[in-house]
Amino acid sequence: MKNLRLAAGLAMLVSASLLASCAHPKTAASATSVSNVQLPGALTGNVTWQTCPDSYWAKSPDATFKKSQVDCGAIEVPAVYSGTQGADLPAFSLALMRIRATGTRIGTLFVNPGGPGESGIKEVQTQAYPAKIHQAYDIVGFDPRGVGHSQPVSGDPIHCTDALDFATYWNGEDTPANAAEAATNKALSDEYATDCIAKNPAWWTLSTDNVARDLDQLRIRVAGDAKLSFLGSSYGTTIGSYYLRMFPNTSGHIVLDSVTDNSPDTDASSITRAKALEAQVGRLVDGYAKAKGMTRAAVQALMLQIRGWGDDNQLLGFAGLKPAPGSQTARLSTEYMFTHGIHTLTYYDSATALKYFTQGMDAVRKSKWNGLFEYLALNMDGYQLDTMYSNYQNKVGYNANGYTRDNSYEIMVMVNGMDRDGRELKTHAQQDAFDAKYAAAAPFWHKLTSDPSGYRYYDSEPGNMWSWVAYKDPKIPNPPADAMPRTNLSGKPVMVVGSLKESTTPYQFAVSTAKQLKSPLITWTGSEHAPLAGFSHSCLNSVFIDYMLKNTLPAAGARCSK
């Protein structure tokens, strides 16, 4: 089970790219422009570009990436930009990687791949940017504060204990069937939370409004007086939207690819995600049914059976804590690893998702082997899987200190917890009523991620843990009740891209954002999440190049399918 990451059923709808933040009238962050913020003298100065540290290099860069065209740098930014709360916290050092323009340079393009918690330094190495963009722009990837190589100058990174994190996948029940199982989950959660809170006093300064302020400092100290050119995907669209609202006078070419939700009605947006997810999983089921000569109902019944195997300790994998009885190498897997692995496939294009789904389902059907879905789930959550799989192959037992991961998961929930009030404040009756709405919107997914017992656990502090921490600590400003409205006072259109059939950031979010920003919407007709950022679609590439080089966008209603 992984109740700390995605609690059973409903929380499976909350993806890494969708903000589920919080609020209350204690000290909500200011929504006004902060262009005139004066940094302490020690934190000013332009970037000094130099050779990149070995630790910055990605394991599998794109074939077009050349180290000879790259350099790296860093700037320091304050933990907080105003007020007294957090004034005693150490500054952050923000890490940058720049791919220099290969031709006549016209500007700098900053990129962020989303999350919250994903690395821009990795992003610039793994994407095949169009040649015309390479020629005209320096492309700069940055790790936002707290992410990857951008950590407090004190040397204490934002990170929760790996061993405690890993234990939460296996030592509880994904969907408790009784009070005793729920109590075990709660004990795991409390142990993890207590440790994580103590280790990360600066966690609340990771909010997106601070990241937007950081981005303006990057603009000033890398690009000088030039206006910001920015490509944000998924959560990166949240960063871009914040910047556009806070710094309209210095916003230039802003590209928002697979737009996150900004609705104040969190129930409605959750139902929108539920419907999109049900449709996305349904396409995987239908594709598998067609390939195997089965009916949709038969495939769904098989998936429910597999989920039951996981609940009854009959699924096998490579990563679990407990050896599987009668096997020299396999370990017990769980129903959560099955469903979470499937959920990660909603980030992929349809063909790739169906390929992995088919491989995973075939392996489970044949020998109850859940290893592929485990791999997808753990990889999505930032785990380094080489050592883990090697240990399995070499029959090495679990070593709590040998399994490492990045900090993308804790960054996600910390940022979400400060950007909007993530506390679940519904009464038990209201929670039951919403669960019924969710079940109606996504009947199969709800059944697949619910315990057959029908037992329902009501947490005393449900929702985002970090929102509760903020509200209980007078030294931490309360996050806002709702996200700030998306506005565009720059006088320039924004490039907004939405994927018609995706579920991670449903298409409706792009529709509403394009309307709010008074910009045309470019529709990708497939189901791929962040379809522009992979730069594998000629139509989207052409629109992007025209926007960045000619400052032109197609009329509203433009669609791309290749």
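Here's a quick rundown of the structure.

The next subject is the packing of aromatic side chains. Enumeration according to the criterion identifies 19 aromatic pairs in this entry. Residues Tyr-129 and Phe-535 carry aromatic rings whose centres are separated by 4.9 Å and whose planes lie at 45° to one another, so their mutual orientation is tilted. Placement of the pair is Tyr-129 in the loop between α1 (120–126) and α2 (131–136) and Phe-535 in the loop between β11 (521–524) and α18 (538–550), with a sequence separation of 406 residues. Of the two residues, Tyr-129 and Phe-535, neither departs from the other in class, the shared state being buried. The interplanar angle of 40° and the centroid separation of 6.3 Å between the aromatic rings of Tyr-169 and Trp-170 together place this pair among those described as tilted.

Moving on, we get to the packing of helix α8 (residues 296–311) against helix α10 (residues 350–367). Orientation of α8 relative to α10, taken along the N-to-C sense of each, is 60°, at an axis distance of 11 Å. Taken together, the axes of α8 and α10 are oblique relative to one another. The element α8 and its partner α10 pack so that their crossing is left-handed. Contacts between α8 and α10 pair Leu-302, Met-303, Ile-306 and Trp-309 from the former with Phe-357, Met-361, Val-364 and Arg-365 from the latter. A per-class count over the contact of α8 with α10 returns seven nonpolar, no polar and one charged.

Here the focus is the packing of helix α7 (residues 266–292) against α10. For the pair α7 and α10, the least separation of the axes is 10 Å and the interaxial angle reads 65°. Between α7 and α10 lies a crossing of right-handed hand. Note on element contacts: α10 touches α7 through Ala-353, Leu-354, Phe-357, Thr-358, Met-361, Asp-362 and Arg-365, opposite Leu-284, Val-285, Gly-287, Tyr-288 and Lys-292. The residue makeup of the contact of α7 with α10, split by class, is seven nonpolar, two polar and three charged.

Residue position: Ser-189 is located in helix α4 (residues 179–199). When the C-alpha atoms of Ser-189 and Met-465 are compared, they prove to be 9.7 Å apart, with 276 residues separating the residues in sequence.

Here the focus is the pairing of strand β1 (residues 70–77). Within β1, six of the eight residues are buried, which leaves it mostly tucked inside the rest of the structure. Bridge analysis of β1 against strand β2 (residues 92–99) gives eight bridges, and the strand direction is antiparallel. When the sheet's bridge partners are listed, Ala-74 is paired in β2 with Ala-95.

Strand β3 (residues 107–112) sits mainly inside the fold: six of its six residues count as buried. Residues Gly-107, Leu-109 and Val-111 of β3 are buried on one face, and the alternating residues Thr-108, Phe-110 and Asn-112, pointing to the opposite face, are buried as well. Pairing of β3 with strand β4 (residues 137–142) involves five bridges; the strand directions are parallel. Among the inter-strand pairings, Phe-110 is bridged to a residue of β4, identified as Val-140.

The subject of this paragraph is unusual backbone geometry. The omega angle of the peptide bond from Gly-115 to Pro-116 is -5°, so this bond is cis rather than trans. Tracing the chain through its elements places Pro-116 in the loop between β3 and α1. Residues other than glycine seldom take positive phi values, yet Lys-518 does so here, at roughly 55°. Along the chain, Lys-518 falls in the loop between α17 (507–516) and β11. One non-glycine residue, Phe-535, lies in the positive phi region at around 55°. Given a relative accessible area of 7%, Phe-535 falls into the buried group.

Note on placement: Thr-513 falls in helix α17. Overall, the relative accessible area of 1% leaves Thr-513 in the buried class. Reaching out from Thr-513, the side chain makes a polar contact with the side chain of Arg-486 at a distance of 2.9 Å. Contacts of Thr-513, omitting those with residues within four sequence positions, involve Leu-256, Val-259, Thr-260 and Arg-486.

Quick look at the pattern of salt bridges now. Taken as a whole and judged by the stated rule, the model has 24 salt bridges. Two residues, Asp-386 and Lys-59, come together in a salt bridge whose shortest N-O distance is 3.1 Å. With Asp-386 in helix α12 (residues 385–393) and Lys-59 in the segment before β1, the pair connects residues that are 327 residues apart, well separated along the chain. Note on accessibility: Asp-386 and Lys-59 belong to one class, exposed.

The final tally for this structure, using the stated rule, is three disulfides. Sulfur-sulfur distance for the disulfide between Cys-52 and Cys-72 comes to 2.0 Å. In this structure the cystine formed by Cys-52 and Cys-72 twists about its S-S bond by roughly 90°; its chirality is therefore right-handed. Here Cys-52, found in the segment before β1, pairs with Cys-72, found in strand β1; they are 20 residues apart in sequence, far enough to count as distant. For the pair formed by Cys-52 and Cys-72, the shared burial category is buried. With a sulfur-sulfur separation of 1.9 Å, Cys-539 is cross-linked through a disulfide to Cys-560. Across the S-S bond of Cys-539 and Cys-560 the torsion is about -60°, and the bridge reads as left-handed. Of the two residues, Cys-539 is situated in helix α18 and Cys-560 in strand β12 (residues 559–560); the sequence distance between them amounts to 21 residues. In this structure Cys-539 comes out as partly exposed when scored by relative accessible area, which is 22%.

A few words on the nonpolar core. By size, the foremost hydrophobic cluster in this structure holds 57 residues, and its most contacted members are Phe-92, Phe-110, Trp-203, Leu-215, Leu-218, Phe-230 and Met-414. The dominant element in this core, judged by the number of residues it contributes, is helix α13 (residues 408–419), at seven residues. Among residues more than four places away in sequence, those in contact with Phe-110 are Val-140, Phe-142, Leu-215, Leu-218, Arg-219, Val-222, Leu-228, Ser-229, Phe-230 and Leu-231. Residues Met-97, Ala-136, Tyr-137 and Val-497 belong to the second largest nonpolar core, which totals 32 residues.

With that out of the way, let us pick up empty space enclosed by the protein. Gaps between atoms show up when a probe of the same size as a water molecule is rolled over them. Applying the stated criterion across every chain, the model contains five cavities of 30 Å³ or more. For the largest cavity, the calculated volume is near 60 Å³. For the largest cavity, the lining is made up of 13 residues, of which Pro-116, Pro-144, Val-147, Tyr-235 and Ile-411 are closest to its centre.

Attention shifts here to α12. Every buried residue belonging to α12 is among Leu-385, Met-388, Asn-391 and Tyr-392, and all of these are buried. Around the axis of α12, the buried residues are gathered within 130° of arc, so they sit on the same side. Considering only its buried residues, α12 is in contact with α3 (162–167), β8 (316–317), β9 (331–332) and α11 (371–380). Phi turns positive one or two residues past the end of α12, at Lys-395, with a value near 60°.

The rules behind these values
Residues numbered from 1 in each chain as written. Predicted model: local features only at pLDDT ≥ 70, side-chain atom pairs only at ≥ 80, totals over all residues. Heavy atoms only, no water. Phe/Tyr/Trp six-rings, centres within 6.5 Å; stacked < 30°, edge-to-face > 60°. Helix = DSSP H or I, 4+ residues; strand = E, 2+ residues; numbered from the N terminus. Buried < 20%, exposed > 50% of the residue type's maximum accessible area, 1.4 Å probe, protein only. Axes fitted to C-alpha atoms, helices over the stretch in contact; angles between N-to-C directions. Parallel < 35°, antiparallel > 145°, perpendicular 65-115°, else oblique. Left-handed = near helix turned anticlockwise from the far one by under 90°. Contact = heavy atoms within 4.5 Å. Nonpolar A, V, L, I, M, F, W, Y, C, P; charged D, E, K, R; others polar. Pairing = 2+ DSSP bridges. Polar contact = N/O pair within 3.5 Å; in protein donor to acceptor, adjacent residues only side chain to side chain. Salt bridge = Lys/Arg side-chain N within 4 Å of Asp/Glu carboxyl O. Disulfide = S-S within 2.5 Å. Core = buried A, V, L, I, M, F, W, Y, C linked by side-chain atoms within 4.5 Å. 1 Å grid on protein atoms, 1.4 Å probe; cavity = no way out; pocket = protein on both sides within 12 Å on 5 of 7 lines; lining within 4 Å. Points joined across faces, edges and corners; volume = space filled by probe spheres on them. Arc of directions from axis to C-beta.

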